[in-house]
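So you can see what is in the structure, the chains are spelled out below.
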Amino acid sequence: MFREVELPEKLLKDQAPHAGEEAIREIRRLAQGMENLSVLHINSTSYGGGVAELLYTIVPLMRDAGLDARWYVMDNVPPQFFEVTKKIHNSLQGAKTPLTDNEWELYGDINMKLAKNFPPGPWDVVIIHDPQPLATLAFLDDLPESQKPAVGRWFWRCHIDLSTPFAATWQKLVGYVNRFDGAIFTSRKYAQDDLKIPVTEITPSTDPTSTKNAIVPDEEGRKIIASFGINPERPLMVQVSRFDPWKDPFGVVDAYCMLKAEKPDLQLAMVGSIAHDDPEGVELLGKLKKVAEHDQDIHVLSNEDGVGAAEVAAFQQLATVVVQKSIREGFGLTITEAMWKMRPVVAGNATGCRLQITDGVDGFIIGSTEECKEKVNEILENPDLALRLGRAARETVREKFLSTRHVANYLKLFAQSQ
Ligand code: UDP
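About the thresholds
- Residues numbered from 1 in each chain as written.
- Predicted model: local features only at pLDDT ≥ 70, side-chain atom pairs only at ≥ 80, totals over all residues.
- Heavy atoms only, no water.
- Phe/Tyr/Trp six-rings, centres within 6.5 Å; stacked < 30°, edge-to-face > 60°.
- Helix = DSSP H or I, 4+ residues; strand = E, 2+ residues; numbered from the N terminus.
- Buried < 20%, exposed > 50% of the residue type's maximum accessible area, 1.4 Å probe, protein only.
- Expected span 1.5 Å × (residues − 1).
- Arc of directions from axis to C-beta.
- Contact = heavy atoms within 4.5 Å.
- Pairing = 2+ DSSP bridges.
- Axes fitted to C-alpha atoms, helices over the stretch in contact; angles between N-to-C directions.
- Near = heavy atom within 4 Å.
- Polar contact = N/O pair within 3.5 Å; in protein donor to acceptor, adjacent residues only side chain to side chain.
- Areas by Shrake-Rupley, 256 points an atom, 1.4 Å probe, with all protein chains shown as cover.
- Nonpolar A, V, L, I, M, F, W, Y, C, P; charged D, E, K, R; others polar.
- Right-handed = clockwise from strand over helix to strand, strands pointing away.

Chemist: Please explain the packing of aromatic side chains as it appears in this structure.
Modeler: Each aromatic ring pair is described using two quantities: the centre-to-centre distance and the angle formed by the ring planes. Under the counting rule described, the total for this entry stands at 13 aromatic pairs. A centroid spacing of 5.9 Å and a plane angle of 80° characterise the contact between Phe2 and Phe118, whose relative ring orientation is edge-to-face. Taken as a pair, Phe2 in strand S1 (residues 2-4) and Phe118 in the loop between helix H5 (101-116) and strand S4 (123-129) lie far apart in primary sequence, 116 residues in all. Summarising the burial analysis for this pair, Phe2 and Phe118 share the class buried. For the pair Phe331 and Phe401, a centre-to-centre distance of 5.3 Å together with 70° between the ring planes defines the contact as edge-to-face. Highlighted residues: Phe331 in the loop between strand S11 (321-324) and helix H12 (333-340) and Phe401 in the loop between helix H15 (383-400) and helix H16 (403-416), separated in sequence by 70 residues.

Dropping the structure here:
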């Protein structure tokens, strides 16, 4: 039911050129006394989406700080389970779709199996990410003492936008959450009133040393996007995202179409991956590809077309403007990545987007498709504005959203509750 994820070595010293030496010294200071602290991260998938992206960096950096940090993912779980958990995800973000009794039963069954097969401890700290494995702790509590791993402290780390959850789903889950020693949210605003455990706010981060963030030489980047049929000489709007209704892919297409009528040169690339725990993605991808058949300047591309980290990097770097038209967004690492690459970003009015972008300073926040079209147009018309927003965006990320700050936040949390 669980598989340990093999991780590359990542060194704190390699972060120094981006985050500064003081950020590394702070982590070393914080980690004193935490040598070999065993920290287990658990989530549903090692591929696709922001959580996997984060853990590939945070866990190795915790190791370099001296902790015994591990990452396990769920394994051999039936695909129907992920249909249920995507429904949970959607309703936690506000969709009014109650789960059936059978769906809750499947959710409980799998979590019970996860509890019975829990990675043997002892663990000083366990961090469960998102709703998929959330109920594991409740089922562990029901097991005989001899079958329970020894765990010091339990945290639930929620990455999704929980500001307006569908009540029936949240009420079912809050009991599971309240068994933890603490919850970690991207924004305190996501913490509902009926949470009875301490809440810590930690924003996600991007790794300046990752392939995704590597500078792609201009010529190479142009070749990469040209290999997908895009003309690097013409303006390009890009949204990089899982194919998910909350990311409003059709709204992006609409904004593009409105602008295309005025700017026939414009191109659109919708770049996304299909995460293992996101069955909805395949369906949406199919629908978008159908829409793209009517306009040869709309390019809908996924990992199945050969879009990996290096290609995503090229698209983000060569975009004239990056769009993230999310309706709900826990955080949105795609925004952080684009901002780090000094791109002007036009993002939806969702909490995660607003956490990163100060409207008009280091990007734009938009509330409608019409406004999205206008802001993209403004950027296309005004290269100086694009440059100013992009430069400010990079400094915002350097100051607030790099991996080192994220690791330091975790260490502070571990120290507090030691
Ligand atoms: N991503 C990717 N390939 C794609 C689409 C997305 O590698 O085709 C990555 C993207 O670069 C980012 C992560 O997946 O690092 C998505 O994280 P985000 O927080 O934006 O959204 P989530 O998918 O977690 O809702």
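Chemist: How should unusual backbone geometry be read in this particular structure?
Modeler: Glycine aside, negative phi is the norm for most residues, and most peptide bonds take the trans geometry. Looking along the chain, the bond that leaves Gly121 and enters Pro122 is cis, with omega of 0°. Phi at Met342 takes a positive value of approximately 65°, unusual for a residue other than glycine. Looking at the element boundaries, Met342 is found in the loop between H12 and strand S12 (345-348).

Chemist: How do you make sense of H5 when you look at a structure like this?
Modeler: One full turn of an α-helix is made of 3.6 residues, so residues set three or four places apart face in the same direction. Look at H5: 22 Å from first C-alpha to last across 16 residues, which is about the 22 Å you get at 1.5 Å a residue. Every buried residue belonging to H5 is among Glu103, Trp104, Tyr107, Gly108, Ile110, Asn111, Leu114 and Ala115, and all of these are buried. Around the axis of H5, the buried residues are gathered within 165° of arc, so they sit on the same side. Turned more than 90 degrees from where H5 packs its buried face, Asp101, Asn102, Glu105 and Lys116 sit exposed. Of the surrounding secondary structure, the elements contacted by the buried residues of H5 are S1, strand S3 (68-74), helix H4 (79-92), helix H6 (136-142) and helix H7 (167-177).

Chemist: Would you mind going over the sheet that holds strand S10 (residues 298-302) with me for this structure?
Modeler: Two orientations exist for strands paired in a sheet by backbone hydrogen bonds: parallel and antiparallel. The strand order across the open sheet formed by six strands is S10-S9-S8-S11-S12-S13, and the pairing between neighbours is parallel. Edge strands, defined here as strands with exactly one partner in the open sheet, are S10 and strand S13 (364-366). Averaged over all neighbouring strand pairs, the angle between strand axes comes to 20°, with direction disregarded. Looking at chain direction, strand S9 (residues 267-272) and S10 are connected through five bridges and run parallel. When the sheet's bridge partners are listed, Leu268 is paired in S10 with Ile298.

Chemist: For this particular structure, what's the right way to read the site of the ligand?
Modeler: The environment of the ligand is formed by 14 residues, the closest being Gly50, Arg242, Lys247, Leu333 and Glu337. Between the ligand and Arg242, the relevant distance is 2.6 Å, taken from an oxygen atom to a side-chain nitrogen or oxygen of the residue. Here Thr334 contributes a backbone N or O atom positioned 3.1 Å from an oxygen atom of the ligand. If the ligand stood free it would expose 540 Å²; the protein chains cover 89% of that surface. Among the secondary structure elements, those contributing two or more residues to the shell around the ligand are helix H3 (50-64) and H12. Per-element accounting of the shell around the ligand gives the leading share, three residues, to H12. Here the shell around the ligand is built from residues that sort into three nonpolar, six polar and five charged.

Chemist: What am I meant to see in the pairing of S4 here?
Modeler: Here is the key point about a regular strand: its side chains alternate between the two faces of the sheet. Extensive coverage of S4 is indicated by the burial of six of its seven residues. Note: strand S2 (residues 38-43) against S4, four bridges, orientation parallel. Among the inter-strand pairings, His41 is bridged to a residue of S4, identified as Ile127. For S4 and strand S5 (residues 151-158), the ladder comprises six bridges, and the chain directions are parallel. When the sheet's bridge partners are listed, His129 is paired in S5 with Arg157. Running through H6, the crossover from S4 to the neighbouring parallel element S5 is right-handed.

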